[in-house]
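A structural walkthrough
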Amino acid sequence: MIYNLDCINGAKQYLEDNSVDLIITDPPYNLGFGGTSFTKSKKPRFSIIANDKLSAREYQRFTFQWLKEAYRVLKPGRHIYIFIDWRMYPLMALWAEKVGFTIKNTIVWDKAYMGMGWQYRFQHEFILFAVKGKQKVRRISTRKATDIIRVPRISGNKTVHPTEKPIKLMEHLIGNSSNEGEVVADFFCGSGPVAVAALSTGRRIKGFEIDPEYYKIVNDRIQSYQ
Ligand SMILES: C[S@@+](CC[C@H](N)C(=O)[O-])C[C@H]1O[C@@H](n2cnc3c(N)ncnc32)[C@H](O)[C@@H]1O
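Let us look at the structure shown here. (Residues numbered from 1 in each chain as written. Predicted model: local features only at pLDDT ≥ 70, side-chain atom pairs only at ≥ 80, totals over all residues. Heavy atoms only, no water.)

Describing the packing of aromatic side chains
Condition: Geometry of aromatic contacts follows a simple scheme: Phe, Tyr and Trp rings, the Trp one being its six-membered ring, pair when their centres are within 6.5 Å, and the pair is stacked under 30 degrees between planes, edge-to-face over 60, tilted otherwise. Under the scheme used here, helices are H or I runs from DSSP no shorter than 4 residues and strands are E runs no shorter than 2 residues, and both carry numbers assigned from the N terminus. With a 1.4 Å probe rolled over the protein chains alone, any residue whose accessible area is under 20% of its type maximum counts as buried; one over 50% counts as exposed, and the rest are partly exposed.
One pass over the full model with this rule turns up 12 aromatic pairs. Ring geometry for F62 against F188: centres 5.9 Å apart, planes inclined by 70 degrees, an arrangement best described as edge-to-face. Taken together, the residues span a long stretch of sequence, with F62 in helix α2 (residues 56-73) and F188 in the loop between β7 (183-186) and α5 (193-200) at a distance of 126 residues. In terms of burial, F62 and F188 fall into one category: buried. Seen in terms of ring centroids, W66 and F188 are 5.2 Å apart; in terms of plane orientation they differ by 80 degrees. Their pairing is edge-to-face.

The following block contains the structure:
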């Protein structure tokens, strides 16, 4: 079930306390990002994603609000994965701990191919890995998993969203932190890789996407998957 709503209001309306088994989410990083540009025209492929160009104060308020909702709805001891890049990592880690999450590790997603930039071109992103509360915590499913995950990124000209992540990466995280039949939530669905991965691994999905265009893409992907 995906809702075309702001995740803060949507969670308040549709998600009960301690009702979600796993959260995987990729929020706006507040970088004013609209994706890569076309090679010839140099024009950006997409418009800037919602809530990605806020003042520092607005971004802090927005992030605190959704983190508080994420904390409320997650079951105690269960996992949350938050995508973030190096610029926003320190603040996201600080704010996540302030709302009550205990950070267990930071995963490096190795995208296998280099991306933009000209001084050490970007090839990774961070995934903050935390649990709700401090009490007995669920182990991830395999002790062989390491904190570097190599999954090729989707090449810029094949993406339908400016910050699209691969389904395979989400399937890996879902497999490590949940069981079949459980509920996975994504507060910022985008093009829907978490939603598709949840379904492909036999989980249930609850998600929010504020942009009607991306909401349609997620729904279409879910329908064609089903
Ligand atoms: C970083 S992108 C997620 C991309 C996604 N992981 C993918 O692979 O396609 C963040 C998404 O959150 C959406 N968004 C921004 N503010 C939102 C809000 N308050 N509630 C729900 N969705 C929001 C944006 O429209 C954008 O699609």
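A look at the site of the ligand
The condition is simple: Put simply, a residue is near a molecule or strand once any heavy atom of it comes within 4 Å of that molecule or strand. Polar contacts, as counted here, are pairs of nitrogen or oxygen atoms within 3.5 Å of one another; within protein the pair requires one atom able to donate a hydrogen and one able to accept it, and residues that are adjacent in sequence qualify only if both atoms are side-chain atoms. Calculation of accessible area relied on Shrake-Rupley with a 1.4 Å probe; when residues are assessed, cover is drawn exclusively from the protein chains displayed. Following the grouping adopted for this structure description, the nonpolar residues are Ala, Val, Leu, Ile, Met, Phe, Trp, Tyr, Cys and Pro, the charged ones are Asp, Glu, Lys and Arg, and the polar ones are all others, Gly among them.
Taken together, 24 residues lie around the ligand, and D6, D26, K165, S191 and E209 are the ones closest in. Contact between the ligand and C7: a nitrogen atom at 2.9 Å from a main-chain N or O atom of the residue. Take S191: an N or O atom from its side chain is 2.6 Å from an oxygen atom of the ligand. Surface burial for the ligand is 99%, taken as the share of its 610 Å² of free accessible area covered by protein chains. By residue class, the composition of the shell around the ligand is 13 nonpolar, five polar and six charged.

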